[in-house]
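Survey of secondary and tertiary structure
In case you want the letters, here they are:
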Amino acid sequence: MFVPKAPNPLLAALLTLLASAFVAGTTLLAKMLGTDVLGPALNPLQISQGRFIFAFLAFGLAALVMRLHFTQIAWKTHTLRVAFGWGGVTLMFAAAAFIPLSDATAISFLNPVIGMLLAIPLLGERVGPVRLSAAAIALIGAMILLRPTPEAFQPAALLAVGAALSLGFEVIVIKRLTGREGPLQILLINNVIGVGIASAAAAWVWIAPTPQQWMALAGIGLLMASAQTCFINAISRADASFVGPFFYATLVFAALYDFLVFGVRPDAVSVIGTLIILCGAGLLMWREGRIRPSAGSPVGKIPTPSD
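What comes next is a walk through the structure. Nothing here was measured: the structure is a model prediction, and the numbers come from that model.

Let's talk about the packing of aromatic side chains
Under the definition given, this model contains two aromatic pairs. Judged by centre distance (6.2 Å) and plane angle (35°), the ring pair of F253 and Y257 falls under tilted. One end of the pair is F253 and the other is Y257, both in helix 11 (residues 249–262) and four residues apart, which spans about a single turn. Lying across the ring of F52, R51 places its NZ or CZ 4.1 Å from the centre.

What follows is the structure, encoded as structure tokens:
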């Protein structure tokens, strides 16, 4: 069983910022693969497959080097979690190809709000006025980013909403794994299952990637593996309520990458919608920190790199 590390808030903050940069990097590479920047556009299902394959290779090598000792594995729970995580990642990669990275990232950050709302019927949790208000604020921000007018509506933004829904369900399933297995075992098993699910789906749309696309696919997997490793080490050294605000730097990195590579500048609607979502998610995180001062409960937690 995982043994908590000694508290180190500064290191936790730096690791979370690093994880944020890595996560934003995966969406940037996914956007490049989903367009014609590196060759014929790849289907999001194939991009997701590459993410799982190369992340599995990274964690498999780490397990060999560290001589990982396996404890009892909850295969059904892992499989359900990976199914939702794979769905969320795939939809996120699809959204990144069509809308600004900052918009797609901000909408996907609804997942802790959705997880909190799903906990009401699925886990029987009671939700007070503060948490309901946080959910309402975040949802208003998402509606702004969707631009629900005939002239400005972005249908592709619904892919990011689907990603948030799928990752919200994953939050619920995570609760069953909390404290039962070590982090490296969880990451390795999740990526083993993810390779199977993603490969079965990608078989229908697979095309031979160019050398540049192979490198980008490997980059996505390695960046996601690095992000997960950084984040797990961060939350082992500080409370989720402390780490949370630093992870929202993903939005800053996503906007920066989008501008540097594609020349996309966030407009006023994107900035306003993103800030409102951050206010709602921040209020929820603050409330959860007061209720659960440690990182023990995943319901209503901050968004994390998907497994």
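Description of the pattern of salt bridges
Applying the stated criterion across every chain, the model contains two salt bridges. The partner of D258 in a salt bridge is K31, with the nearest N and O atoms 3.0 Å apart. Of this pair, D258 sits in helix 11 while K31 sits in helix 1 (residues 9–34), placing them 227 residues apart in sequence. For K31, a relative accessible area of 8% puts it in the buried group.

Observations concerning helix 6 (residues 129–146)
With 18 residues, helix 6 should reach 26 Å at 1.5 Å per residue; the first-to-last C-alpha distance of 26 Å fits that figure. Among the residues making up helix 6, those that are buried are R131, A134, A135, A138, G141, A142, L145 and L146. Seen from one end, helix 6 has its buried residues packed into an arc of 145°, which puts them on one side. At the C-terminal side of helix 6, R147 shows a positive phi close to 50°.

Details of the packing of helix 1 against helix 11
Look at helix 1 against helix 11: their axes get within 8 Å of each other, and the N-to-C directions meet at 40°. The angle between helix 1 and helix 11 falls in the class oblique. Both helix 1 and helix 11 take part in a crossing whose hand is right-handed. Facing helix 1, whose interface residues are L17, S20, A21, V23, A24, G25, L28, K31 and M32, helix 11 presents A249, T250, F253, A254, Y257, D258, V261 and F262. In terms of residue class, the contact of helix 1 with helix 11 is made up of twelve nonpolar, three polar and two charged.

Overview of the environment of L251
As for its position among the elements, L251 is in helix 11. In the structure, L251 is positioned 27 residues away from L278 in sequence and 9.8 Å away in space, judged by C-alpha atoms. Non-local contacts of L251, meaning those with residues more than four positions away in its chain, are made with S102, T105, A106, F109, T274 and L278.

Notes on the packing of helix 1 against helix 9 (residues 211–235)
Where helix 1 meets helix 9, the axes come as close as 8 Å, and the angle between the chain directions of the two elements is 155°. As far as their axial angle goes, helix 9 and helix 1 are roughly antiparallel. Taken as a pair, helix 1 and helix 9 cross one another with a handedness that is left-handed. Split into classes, the residues belonging to the contact of helix 1 with helix 9 amount to 18 nonpolar, seven polar and no charged.

A word on the nonpolar core
With 42 residues, the main nonpolar core has I99, I107 and L110 as its most contacted residues. In terms of residue count, helix 6 provides more of this core than any other element does, six residues in total. Leaving out residues up to four positions away in the same chain, I107 has contacts with L145, L146, A157, A160, V161, A164 and I277. The next biggest cluster of nonpolar side chains, apart from the first, holds 21 residues, and it includes L28, M32, L38 and A216.

Brief notes about unusual backbone geometry
In the Ramachandran plot, R67 falls in the positive-phi region, its phi being about 55° despite a non-glycine side chain. Judged by its relative accessible area of 75%, R67 falls in the exposed class.

A look at a nonpolar patch on the surface
A cluster of nonpolar side chains, L117, I120, L132 and L139, forms an exposed patch at the surface whose accessible area comes to about 290 Å². Those elements that place two or more of their residues in the nonpolar patch are helix 5 (111–123) and helix 6. Its location among the elements puts L117 in helix 5. Looking at L117, the relative accessible area reads 30%, which means it is partly exposed.

Analysis parameters
- Residues numbered from 1 in each chain as written.
- Predicted model: local features only at pLDDT ≥ 70, side-chain atom pairs only at ≥ 80, totals over all residues.
- Heavy atoms only, no water.
- Phe/Tyr/Trp six-rings, centres within 6.5 Å; stacked < 30°, edge-to-face > 60°.
- Helix = DSSP H or I, 4+ residues; strand = E, 2+ residues; numbered from the N terminus.
- Lys NZ or Arg CZ within 6 Å of the ring centre and 35° of its normal.
- Salt bridge = Lys/Arg side-chain N within 4 Å of Asp/Glu carboxyl O.
- Buried < 20%, exposed > 50% of the residue type's maximum accessible area, 1.4 Å probe, protein only.
- Expected span 1.5 Å × (residues − 1).
- Arc of directions from axis to C-beta.
- Axes fitted to C-alpha atoms, helices over the stretch in contact; angles between N-to-C directions.
- Parallel < 35°, antiparallel > 145°, perpendicular 65-115°, else oblique.
- Left-handed = near helix turned anticlockwise from the far one by under 90°.
- Contact = heavy atoms within 4.5 Å.
- Nonpolar A, V, L, I, M, F, W, Y, C, P; charged D, E, K, R; others polar.
- Core = buried A, V, L, I, M, F, W, Y, C linked by side-chain atoms within 4.5 Å.
- Patch = residues over 30% accessible without salt bridge, like charges linked within 9 Å, V, L, I, M, F, W, Y side chains within 5 Å.
- Areas by Shrake-Rupley, 256 points an atom, 1.4 Å probe, with all protein chains shown as cover.

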